[in-house]
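Given next are the chains, with one letter for each unit.
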Amino acid sequence: MKPEQVHKLVADLVAIPSVNPLDGPVGNGRGEAEVAAHIEAVLKEAGVEAELREALPGRPNVVARVPGQSDEIVWFDAHLDTVSAEGMAFEPFEAKVENGKLRGRGAADDKASVAAMMAALIAVAEGGGKPPKTVIFTATADEEYQMRGLMSLLEGGMTATTAIVGEPSGLEIVIAHKGVARFRMATSGKAVHSSRPDDGVNAIYRMGKVLTAIDAYAKGGVGRETHPMLGRATLSVGVIRGGEYVNVVPDRCEVEVDRRLAPDEDARRAIADVRDYLTNALQEDVGLKVSAPELTIPGMSISSEHALVQAVAGVVREVTGKAPLSGMQGTTHAGQLMQAGIPAVVFGPGQMGQSHTATEELALEQLEQAAAVYERLMRNGCQ
Ligand SMILES: [Zn+2]
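Conventions we followed
Residues numbered from 1 in each chain as written. Predicted model: local features only at pLDDT ≥ 70, side-chain atom pairs only at ≥ 80, totals over all residues. Heavy atoms only, no water. Helix = DSSP H or I, 4+ residues; strand = E, 2+ residues; numbered from the N terminus. Rg over C-alpha atoms; globule rule 2.2 N^0.38 Å. Contact = heavy atoms within 4.5 Å. Phe/Tyr/Trp six-rings, centres within 6.5 Å; stacked < 30°, edge-to-face > 60°. Buried < 20%, exposed > 50% of the residue type's maximum accessible area, 1.4 Å probe, protein only. Domains from an automatic or database assignment. Buried area = accessible area lost by both parts, 1.4 Å probe. Expected span 1.5 Å × (residues − 1). Core = buried A, V, L, I, M, F, W, Y, C linked by side-chain atoms within 4.5 Å. Donors = N, O, S within 2.8 Å, 3.2 Å for Na, K, Ca; no water. Pairing = 2+ DSSP bridges. Axes fitted to C-alpha atoms, helices over the stretch in contact; angles between N-to-C directions. Parallel < 35°, antiparallel > 145°, perpendicular 65-115°, else oblique. Nonpolar A, V, L, I, M, F, W, Y, C, P; charged D, E, K, R; others polar.

Participant: So what about the overall build of the protein chain? Which residues, and what values?
Facilitator: Helices and strands together make up the secondary structure of the protein chain, namely nine helices and 18 strands. For 383 residues, the compact-globule formula gives about 21 Å, and the C-alpha radius of gyration of the protein chain, at 23 Å, lands near that figure. When the backbone C-alpha atoms are referred to their principal axes, the protein chain occupies close to 80 × 45 × 40 Å. For the protein chain, the share of sequence-separated contacts (at least 6 apart) that also reach a separation of at least 24 residues comes to 79%.

Participant: Any details on the packing of aromatic side chains? Residues and values, ideally.
Facilitator: Within this structure, the stated rule accounts for three aromatic pairs. Consider the rings of Tyr217 and Tyr277, whose centres lie 4.5 Å apart with planes at 40°: the pair is tilted. Linking Tyr217 in helix H5 (residues 203–219) with Tyr277 in helix H6 (residues 267–281), this pair joins segments that are 60 residues apart in sequence. Note on Tyr217: relative accessible area 11%, which makes it buried. Residue class for Tyr277 comes out partly exposed when judged on its relative accessible area of 29%.

Participant: Provide a residue-level description of the domain arrangement of the protein chain, including the pertinent values.
Facilitator: Here the protein chain is described as being made up of domain 1 (3–177 + 299–380) and domain 2 (184–297). Taken over C-alpha atoms, the centre of domain 1 sits 36 Å from the centre of domain 2. Between domain 1 and domain 2, the contact holds 17 residues from the first and eight residues from the second. Roughly 970 Å² is buried in total at the junction of domain 1 and domain 2, and carbon and sulfur atoms are behind 61% of that figure.

Participant: Explain helix H4 (residues 148–155) to me, and be specific about the residues and the numbers.
Facilitator: All of the buried residues in H4 are Arg148, Gly149, Leu150, Leu153 and Leu154. Tucked into the core, H4 has its buried residues touching strand E1 (49–56), strand E2 (59–66), strand E3 (70–79), strand E6 (133–140) and helix H8 (333–339). Directly beyond the C-terminal end of H4, a positive phi value near 100° is found at Gly157.

Participant: Quick rundown of helix H3 (residues 111–127)? Include the residues and the values.
Facilitator: When the terminal C-alpha atoms of H3 are compared, their 24 Å separation across 17 residues agrees well with the 24 Å that a helix rising 1.5 Å per residue should span. Of all 17 residues in H3, 14 are buried, a share of seventy percent or more. Phi for Gly128, located one or two positions after H3, is positive at around 75°.

Participant: With reference to specific residues and values, describe the nonpolar core.
Facilitator: Residues Ile39, Leu43, Trp75, Phe76, Phe137, Ile164 and Tyr374 are the most contacted members of the largest nonpolar core, which totals 81 residues. In terms of residues, this core owes the most to one element, H3, which gives 11 residues. Setting aside its immediate chain neighbours within four residues, Tyr374 contacts Phe76, Ser113, Ala116, Met117, Ala120, Ile164, Gly166, Phe347, Gly348 and Pro349. Phe183, Ile214, Tyr217 and Val222 belong to the second largest nonpolar core, which has 24 residues in total.

Participant: Which residues make up the coordination of the zinc ion, and what are the values?
Facilitator: Protein coordination of the zinc ion is provided by His79 (NE2), Asp109 (OD) and Glu167 (OE), with donor distances spanning 1.9 to 2.1 Å. Read in sequence order, the donor residues coordinating the zinc ion give the pattern H-x29-D-x57-E. Placement of His79 in strand E3 and of Asp109 in the loop between strand E5 (101–103) and H3 is noted, with a sequence separation of 30 residues between them. Neither residue differs from the other here; His79 and Asp109 are each classed as buried.

Participant: Which residues make up the pairing of E3, and what values do they have?
Facilitator: Taken across its 10 residues, E3 has seven buried, putting it largely inside the fold. Alignment of E3 against E6, held across eight bridges, turns out to be parallel. Looking across to E6, one finds that Ser70 is bridged to Lys133. Pairing analysis gives four bridges linking E3 to strand E7 (residues 162–165), with the strands arranged parallel. What sits directly across from Asp77, in E7, is Val165.

Participant: How would you sum up the sheet that holds strand E18 (residues 361–363)? Please name residues and give values.
Facilitator: Overall, antiparallel pairing links the three strands, which are arranged E4-E5-E18 in an open sheet. Single-partner strands in this sheet number two, and they are strand E4 (97–98) and E18. Of the pairings in the sheet, the one linking E5 to E18 comprises three bridges and is antiparallel in character. Each residue of the ladder has a partner; that of Lys101, found in E18, is Ala363.

Participant: Describe the packing of helix H1 (residues 3–14) against helix H9 (residues 364–380), naming the residues involved and giving the relevant values.
Facilitator: Where H1 contacts H9, the two axes come as close as 10 Å, and the packing angle between them is 105°. Classified by the angle their axes make, H1 and H9 are roughly perpendicular. On H9, the residues touching Pro3, Val6, His7 and Val10 of H1 are Leu364, Leu367, Glu368 and Ala371. Here the residues of the contact of H1 with H9 are counted per class, giving six nonpolar, one polar and one charged.

Participant: Could you give an account of the pairing of E7, naming the residues involved and the relevant values?
Facilitator: Both faces of E7 are covered, namely the face carrying Thr162 and Ile164 and the face carrying Ala163 and Val165. Bridge count for E7 against strand E17 (residues 344–346) is three bridges, and the pairing is parallel. Bridged to Val165 within E17 is Val346.

Participant: Before we move on, can you summarise the environment of Gly106 with the specific residues and values?
Facilitator: Along the chain, Gly106 falls in the loop between E5 and H3. Residue Gly106 is classed as buried on the basis of its relative accessible area of 0%. With 93 residues separating them in the primary sequence, Gly106 and Leu13 have C-alpha atoms 8.4 Å apart. Contacts of Gly106, omitting those with residues within four sequence positions, involve Val14, Thr82, Lys111, Ala112 and Glu360.

Set out below in C-alpha coordinates:
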(Lines give C-alpha, C1' and ligand atoms only; values in the text may rest on other atoms or scores of the structure.)
Protein backbone atom coordinates (compact mmCIF):
# COMPACT_ATOMS: atom_id res chain seq x y z
CA MET A 1 0.00 0.00 0.00
CA LYS A 2 1.31 3.45 -0.90
CA PRO A 3 2.18 5.82 1.97
CA GLU A 4 -0.55 8.28 0.92
CA GLN A 5 -3.14 5.51 1.17
CA VAL A 6 -2.02 4.61 4.69
CA HIS A 7 -2.10 8.31 5.66
CA LYS A 8 -5.65 8.53 4.35
CA LEU A 9 -6.69 5.50 6.39
CA VAL A 10 -5.63 7.14 9.65
CA ALA A 11 -6.94 10.59 8.70
CA ASP A 12 -10.37 9.14 7.94
CA LEU A 13 -10.42 7.31 11.29
CA VAL A 14 -9.43 10.44 13.26
CA ALA A 15 -12.15 12.40 11.45
CA ILE A 16 -14.82 10.08 12.89
CA PRO A 17 -15.07 10.86 16.62
CA SER A 18 -15.31 7.75 18.80
CA VAL A 19 -15.03 9.05 22.33
CA ASN A 20 -15.68 6.37 24.93
CA PRO A 21 -19.14 7.16 26.33
CA LEU A 22 -18.20 5.49 29.64
CA ASP A 23 -21.62 4.18 30.59
CA GLY A 24 -23.51 7.19 29.20
CA PRO A 25 -25.56 7.39 26.02
CA VAL A 26 -23.93 6.70 22.66
CA GLY A 27 -24.23 8.97 19.62
CA ASN A 28 -22.98 12.46 18.71
CA GLY A 29 -19.37 11.32 18.55
CA ARG A 30 -19.65 9.18 21.66
CA GLY A 31 -19.36 5.50 20.98
CA GLU A 32 -17.59 3.29 18.50
CA ALA A 33 -20.37 2.32 16.05
CA GLU A 34 -19.65 4.85 13.31
CA VAL A 35 -15.91 4.26 13.11
CA ALA A 36 -16.48 0.48 13.33
CA ALA A 37 -18.88 0.58 10.38
CA HIS A 38 -16.35 2.62 8.41
CA ILE A 39 -13.56 0.09 9.09
CA GLU A 40 -15.80 -2.83 8.17
CA ALA A 41 -16.74 -1.12 4.88
CA VAL A 42 -13.11 -0.30 3.96
CA LEU A 43 -11.97 -3.86 4.65
CA LYS A 44 -14.85 -5.46 2.74
CA GLU A 45 -14.24 -3.12 -0.19
CA ALA A 46 -10.67 -4.45 -0.29
CA GLY A 47 -11.94 -8.04 -0.26
CA VAL A 48 -11.20 -8.82 3.39
CA GLU A 49 -13.74 -10.84 5.41
CA ALA A 50 -15.06 -8.51 8.10
CA GLU A 51 -18.05 -8.23 10.40
CA LEU A 52 -19.33 -6.29 13.38
CA ARG A 53 -19.99 -8.04 16.68
CA GLU A 54 -21.79 -6.12 19.37
CA ALA A 55 -19.74 -5.84 22.55
CA LEU A 56 -22.14 -3.56 24.44
CA PRO A 57 -25.47 -2.10 23.31
CA GLY A 58 -24.74 0.05 20.23
CA ARG A 59 -21.00 -0.48 20.65
CA PRO A 60 -19.56 -3.07 18.27
CA ASN A 61 -16.13 -4.62 17.75
CA VAL A 62 -14.85 -5.16 14.21
CA VAL A 63 -13.62 -8.70 13.54
CA ALA A 64 -11.74 -9.36 10.29
CA ARG A 65 -9.94 -12.42 9.03
CA VAL A 66 -7.55 -13.57 6.34
CA PRO A 67 -7.51 -17.38 6.20
CA GLY A 68 -4.09 -19.01 6.39
CA GLN A 69 -2.57 -22.36 5.54
CA SER A 70 -3.09 -23.62 9.11
CA ASP A 71 -5.63 -23.27 11.90
CA GLU A 72 -3.09 -21.48 14.03
CA ILE A 73 -4.07 -17.88 14.51
CA VAL A 74 -2.10 -14.67 14.88
CA TRP A 75 -4.33 -12.02 16.43
CA PHE A 76 -3.77 -8.33 15.76
CA ASP A 77 -5.79 -6.04 18.02
CA ALA A 78 -6.15 -2.29 18.40
CA HIS A 79 -8.94 -0.23 19.95
CA LEU A 80 -11.67 1.92 18.45
CA ASP A 81 -12.42 4.30 21.29
CA THR A 82 -10.59 7.41 22.44
CA VAL A 83 -10.65 9.49 25.59
CA SER A 84 -12.55 12.79 25.60
CA ALA A 85 -11.49 15.52 23.18
CA GLU A 86 -12.43 18.38 25.49
CA GLY A 87 -9.70 20.91 26.19
CA MET A 88 -7.53 19.95 23.23
CA ALA A 89 -5.17 22.59 21.86
CA PHE A 90 -6.63 22.36 18.33
CA GLU A 91 -9.69 21.12 16.48
CA PRO A 92 -9.57 17.45 17.54
CA PHE A 93 -11.20 15.77 14.51
CA GLU A 94 -9.75 17.79 11.64
CA ALA A 95 -6.81 15.37 11.20
CA LYS A 96 -4.57 18.15 9.98
CA VAL A 97 -1.09 17.23 8.71
CA GLU A 98 1.89 19.50 9.31
CA ASN A 99 5.61 18.71 9.03
CA GLY A 100 4.95 14.99 8.59
CA LYS A 101 2.73 14.80 11.67
CA LEU A 102 -0.99 14.22 11.82
CA ARG A 103 -2.72 15.68 14.83
CA GLY A 104 -6.02 14.94 16.49
CA ARG A 105 -7.73 12.98 19.23
CA GLY A 106 -6.88 9.34 18.63
CA ALA A 107 -4.12 10.12 16.12
CA ALA A 108 -1.68 8.08 18.19
CA ASP A 109 -3.98 6.31 20.65
CA ASP A 110 -5.15 4.26 18.99
CA LYS A 111 -6.17 5.03 15.42
CA ALA A 112 -2.57 4.88 14.20
CA SER A 113 -2.39 1.21 15.17
CA VAL A 114 -5.85 0.51 13.74
CA ALA A 115 -4.88 2.11 10.41
CA ALA A 116 -1.50 0.36 10.24
CA MET A 117 -3.13 -3.02 10.95
CA MET A 118 -5.82 -2.35 8.32
CA ALA A 119 -3.15 -1.44 5.76
CA ALA A 120 -1.20 -4.60 6.53
CA LEU A 121 -4.29 -6.80 6.38
CA ILE A 122 -5.37 -5.33 3.06
CA ALA A 123 -1.86 -5.77 1.62
CA VAL A 124 -1.76 -9.42 2.70
CA ALA A 125 -5.26 -10.11 1.33
CA GLU A 126 -4.57 -8.37 -1.96
CA GLY A 127 -1.15 -10.02 -2.33
CA GLY A 128 -2.83 -13.40 -2.88
CA GLY A 129 -1.49 -16.67 -1.53
CA LYS A 130 -2.33 -17.76 1.99
CA PRO A 131 -0.19 -16.65 4.93
CA PRO A 132 1.21 -19.54 7.02
CA LYS A 133 -1.24 -18.88 9.87
CA THR A 134 -4.74 -17.41 9.85
CA VAL A 135 -4.69 -13.71 10.63
CA ILE A 136 -7.41 -12.17 12.77
CA PHE A 137 -7.69 -8.42 13.18
CA THR A 138 -9.96 -6.93 15.79
CA ALA A 139 -10.74 -3.27 16.34
CA THR A 140 -12.24 -3.29 19.81
CA ALA A 141 -14.59 -1.11 21.82
CA ASP A 142 -14.26 0.21 25.38
CA GLU A 143 -10.51 -0.12 25.86
CA GLU A 144 -10.29 3.26 27.56
CA TYR A 145 -12.79 2.36 30.26
CA GLN A 146 -13.35 -1.27 31.16
CA MET A 147 -11.97 -3.24 28.19
CA ARG A 148 -15.34 -4.94 27.69
CA GLY A 149 -14.86 -5.10 23.92
CA LEU A 150 -11.93 -7.46 24.18
CA MET A 151 -13.50 -9.31 27.12
CA SER A 152 -16.61 -10.06 25.07
CA LEU A 153 -14.46 -11.63 22.34
CA LEU A 154 -12.51 -13.73 24.85
CA GLU A 155 -15.73 -14.77 26.57
CA GLY A 156 -17.13 -15.68 23.16
CA GLY A 157 -14.28 -18.15 22.74
CA MET A 158 -11.93 -16.21 20.50
CA THR A 159 -8.39 -17.40 20.92
CA ALA A 160 -5.04 -17.37 19.12
CA THR A 161 -1.55 -18.80 19.08
CA THR A 162 -0.03 -15.36 19.58
CA ALA A 163 -1.21 -11.75 19.69
CA ILE A 164 0.11 -8.32 18.80
CA VAL A 165 -1.56 -5.43 20.60
CA GLY A 166 -1.29 -2.12 18.76
CA GLU A 167 -0.77 0.83 21.12
CA PRO A 168 1.48 3.86 20.77
CA SER A 169 4.80 2.37 21.89
CA GLY A 170 7.00 4.54 19.69
CA LEU A 171 7.86 1.40 17.68
CA GLU A 172 9.37 -0.15 20.81
CA ILE A 173 8.41 -3.69 21.73
CA VAL A 174 6.66 -3.66 25.09
CA ILE A 175 7.23 -6.90 26.98
CA ALA A 176 5.97 -5.79 30.41
CA HIS A 177 3.36 -3.43 31.73
CA LYS A 178 1.53 -2.81 34.97
CA GLY A 179 -2.01 -3.73 35.86
CA VAL A 180 -4.52 -1.77 37.90
CA ALA A 181 -7.04 -2.39 40.68
CA ARG A 182 -9.62 0.25 41.57
CA PHE A 183 -11.39 0.13 44.89
CA ARG A 184 -13.13 2.35 47.45
CA MET A 185 -12.52 3.12 51.08
CA ALA A 186 -15.12 4.69 53.35
CA THR A 187 -15.19 6.04 56.87
CA SER A 188 -18.36 6.27 58.92
CA GLY A 189 -19.37 8.65 61.70
CA LYS A 190 -22.44 10.02 63.43
CA ALA A 191 -24.53 12.79 61.87
CA VAL A 192 -25.69 15.66 64.08
CA HIS A 193 -26.52 19.33 63.60
CA SER A 194 -23.38 21.35 63.00
CA SER A 195 -24.20 23.62 65.92
CA ARG A 196 -23.38 20.71 68.26
CA PRO A 197 -20.43 19.00 66.54
CA ASP A 198 -19.14 17.44 69.76
CA ASP A 199 -22.25 15.24 69.90
CA GLY A 200 -21.43 13.72 66.51
CA VAL A 201 -18.55 11.96 64.80
CA ASN A 202 -17.22 13.63 61.67
CA ALA A 203 -16.53 11.06 58.94
CA ILE A 204 -14.58 13.63 56.89
CA TYR A 205 -12.14 14.25 59.77
CA ARG A 206 -11.78 10.51 60.07
CA MET A 207 -11.01 10.21 56.37
CA GLY A 208 -8.40 12.95 56.85
CA LYS A 209 -6.53 10.60 59.17
CA VAL A 210 -6.83 7.77 56.68
CA LEU A 211 -5.48 10.01 53.90
CA THR A 212 -2.50 11.15 55.95
CA ALA A 213 -1.65 7.50 56.58
CA ILE A 214 -2.20 6.45 52.97
CA ASP A 215 -0.02 9.29 51.72
CA ALA A 216 2.85 8.04 53.86
CA TYR A 217 2.18 4.49 52.68
CA ALA A 218 2.25 5.46 49.00
CA LYS A 219 5.45 7.52 49.42
CA GLY A 220 7.16 4.69 51.28
CA GLY A 221 6.92 2.39 48.25
CA VAL A 222 3.94 0.25 47.47
CA GLY A 223 3.99 -3.48 46.85
CA ARG A 224 6.41 -6.17 47.86
CA GLU A 225 8.86 -6.10 44.96
CA THR A 226 10.57 -3.79 42.49
CA HIS A 227 10.17 -4.81 38.84
CA PRO A 228 13.36 -4.44 36.77
CA MET A 229 11.59 -2.60 33.92
CA LEU A 230 8.64 -1.01 35.70
CA GLY A 231 9.92 -0.12 39.15
CA ARG A 232 7.57 -0.09 42.12
CA ALA A 233 3.80 -0.39 42.14
CA THR A 234 1.93 2.82 42.96
CA LEU A 235 -1.19 4.01 44.73
CA SER A 236 -3.18 7.18 44.15
CA VAL A 237 -6.42 8.54 45.63
CA GLY A 238 -8.32 10.25 42.81
CA VAL A 239 -11.83 11.00 44.09
CA ILE A 240 -13.25 12.01 47.47
CA ARG A 241 -16.89 12.40 48.48
CA GLY A 242 -18.34 13.28 51.84
CA GLY A 243 -21.04 15.37 53.44
CA GLU A 244 -24.23 16.81 51.98
CA TYR A 245 -24.96 20.01 53.88
CA VAL A 246 -22.58 22.41 55.53
CA ASN A 247 -24.76 22.47 58.63
CA VAL A 248 -24.65 18.72 59.19
CA VAL A 249 -21.70 16.80 60.63
CA PRO A 250 -21.17 14.12 57.97
CA ASP A 251 -21.61 10.46 58.81
CA ARG A 252 -19.91 9.14 55.71
CA CYS A 253 -16.86 9.91 53.56
CA GLU A 254 -15.58 7.86 50.66
CA VAL A 255 -12.51 7.85 48.42
CA GLU A 256 -11.73 6.04 45.18
CA VAL A 257 -8.28 4.50 44.97
CA ASP A 258 -6.21 3.53 41.95
CA ARG A 259 -3.60 0.91 42.77
CA ARG A 260 -1.19 0.09 39.94
CA LEU A 261 -0.08 -3.51 40.10
CA ALA A 262 3.22 -5.13 39.25
CA PRO A 263 2.75 -7.64 36.37
CA ASP A 264 2.27 -10.68 38.58
CA GLU A 265 0.75 -8.98 41.58
CA ASP A 266 -2.58 -10.21 42.91
CA ALA A 267 -5.14 -7.40 43.23
CA ARG A 268 -6.91 -8.77 46.28
CA ARG A 269 -3.67 -9.29 48.14
CA ALA A 270 -2.54 -5.77 47.21
CA ILE A 271 -5.76 -4.34 48.66
CA ALA A 272 -5.51 -6.54 51.75
CA ASP A 273 -2.02 -5.10 52.30
CA VAL A 274 -3.47 -1.56 52.20
CA ARG A 275 -6.13 -2.49 54.74
CA ASP A 276 -3.60 -4.17 57.04
CA TYR A 277 -1.30 -1.16 56.85
CA LEU A 278 -4.10 1.24 57.76
CA THR A 279 -5.31 -0.98 60.60
CA ASN A 280 -1.82 -0.79 62.11
CA ALA A 281 -1.11 2.85 61.29
CA LEU A 282 -4.38 4.33 62.59
CA GLN A 283 -4.38 4.76 66.35
CA GLU A 284 -8.16 4.62 66.61
CA ASP A 285 -11.24 3.06 65.05
CA VAL A 286 -12.44 5.31 62.22
CA GLY A 287 -15.17 3.00 60.96
CA LEU A 288 -13.04 2.18 57.93
CA LYS A 289 -14.41 -0.09 55.22
CA VAL A 290 -12.23 -1.17 52.29
CA SER A 291 -14.18 -2.56 49.33
CA ALA A 292 -13.29 -5.41 47.01
CA PRO A 293 -11.84 -4.21 43.68
CA GLU A 294 -14.47 -2.82 41.31
CA LEU A 295 -12.19 -3.07 38.33
CA THR A 296 -9.09 -5.17 37.91
CA ILE A 297 -6.98 -5.14 34.78
CA PRO A 298 -4.04 -7.52 34.82
CA GLY A 299 -0.51 -6.46 34.02
CA MET A 300 1.69 -8.57 31.79
CA SER A 301 5.24 -9.66 31.23
CA ILE A 302 6.72 -11.98 28.65
CA SER A 303 10.30 -13.25 28.51
CA SER A 304 12.63 -11.44 26.13
CA GLU A 305 13.64 -14.96 25.02
CA HIS A 306 10.08 -15.91 24.04
CA ALA A 307 9.75 -16.93 20.37
CA LEU A 308 7.11 -14.22 19.77
CA VAL A 309 9.37 -11.49 21.16
CA GLN A 310 12.25 -12.76 19.05
CA ALA A 311 10.10 -12.88 15.92
CA VAL A 312 8.75 -9.36 16.42
CA ALA A 313 12.20 -7.99 17.26
CA GLY A 314 13.63 -9.55 14.10
CA VAL A 315 11.04 -7.90 11.89
CA VAL A 316 11.18 -4.54 13.68
CA ARG A 317 14.96 -4.52 13.23
CA GLU A 318 14.59 -5.26 9.49
CA VAL A 319 12.20 -2.34 9.06
CA THR A 320 13.58 0.30 11.46
CA GLY A 321 17.19 -0.76 12.03
CA LYS A 322 16.68 -1.27 15.77
CA ALA A 323 14.41 -3.19 18.11
CA PRO A 324 14.32 -1.84 21.66
CA LEU A 325 12.44 -3.86 24.28
CA SER A 326 10.70 -1.79 26.90
CA GLY A 327 8.16 -1.61 29.72
CA MET A 328 5.06 0.56 29.93
CA GLN A 329 3.37 2.01 33.02
CA GLY A 330 -0.18 1.98 31.57
CA THR A 331 -2.46 -0.99 30.97
CA THR A 332 -3.28 -2.57 27.59
CA HIS A 333 -5.23 -5.50 26.20
CA ALA A 334 -2.04 -7.58 26.38
CA GLY A 335 -2.73 -8.21 30.08
CA GLN A 336 -6.12 -9.81 29.37
CA LEU A 337 -4.72 -11.79 26.44
CA MET A 338 -1.83 -13.17 28.48
CA GLN A 339 -4.25 -14.02 31.29
CA ALA A 340 -6.25 -16.00 28.69
CA GLY A 341 -3.09 -17.94 27.86
CA ILE A 342 -2.24 -16.11 24.63
CA PRO A 343 1.37 -14.85 24.44
CA ALA A 344 1.27 -11.18 23.51
CA VAL A 345 3.44 -8.13 22.98
CA VAL A 346 2.54 -4.48 22.53
CA PHE A 347 3.89 -2.68 19.50
CA GLY A 348 2.60 0.30 17.58
CA PRO A 349 3.14 3.72 16.01
CA GLY A 350 2.91 6.98 17.93
CA GLN A 351 5.12 8.08 20.79
CA MET A 352 4.47 6.84 24.30
CA GLY A 353 3.34 9.85 26.28
CA GLN A 354 1.22 11.24 23.42
CA SER A 355 -1.84 9.37 24.59
CA HIS A 356 -4.61 11.44 26.17
CA THR A 357 -2.69 14.74 25.80
CA ALA A 358 -4.11 18.06 24.58
CA THR A 359 -1.65 18.00 21.65
CA GLU A 360 -1.93 14.38 20.51
CA GLU A 361 -0.09 13.80 17.24
CA LEU A 362 1.37 11.03 15.10
CA ALA A 363 4.58 10.98 13.05
CA LEU A 364 3.44 9.55 9.72
CA GLU A 365 6.80 7.87 9.17
CA GLN A 366 6.12 5.72 12.25
CA LEU A 367 2.73 4.82 10.82
CA GLU A 368 4.31 3.59 7.58
CA GLN A 369 6.97 1.62 9.47
CA ALA A 370 4.40 0.01 11.75
CA ALA A 371 2.27 -1.01 8.75
CA ALA A 372 5.37 -2.62 7.20
CA VAL A 373 6.15 -4.47 10.45
CA TYR A 374 2.57 -5.75 10.83
CA GLU A 375 2.48 -6.89 7.20
CA ARG A 376 5.70 -8.89 7.55
CA LEU A 377 4.46 -10.45 10.79
CA MET A 378 1.19 -11.44 9.13
CA ARG A 379 3.14 -12.96 6.24
CA ASN A 380 5.58 -14.91 8.43
CA GLY A 381 3.04 -15.98 11.06
CA CYS A 382 4.96 -14.21 13.85
CA GLN A 383 7.62 -16.87 13.80
ZN1 LIG B 1 -4.74 3.04 23.79
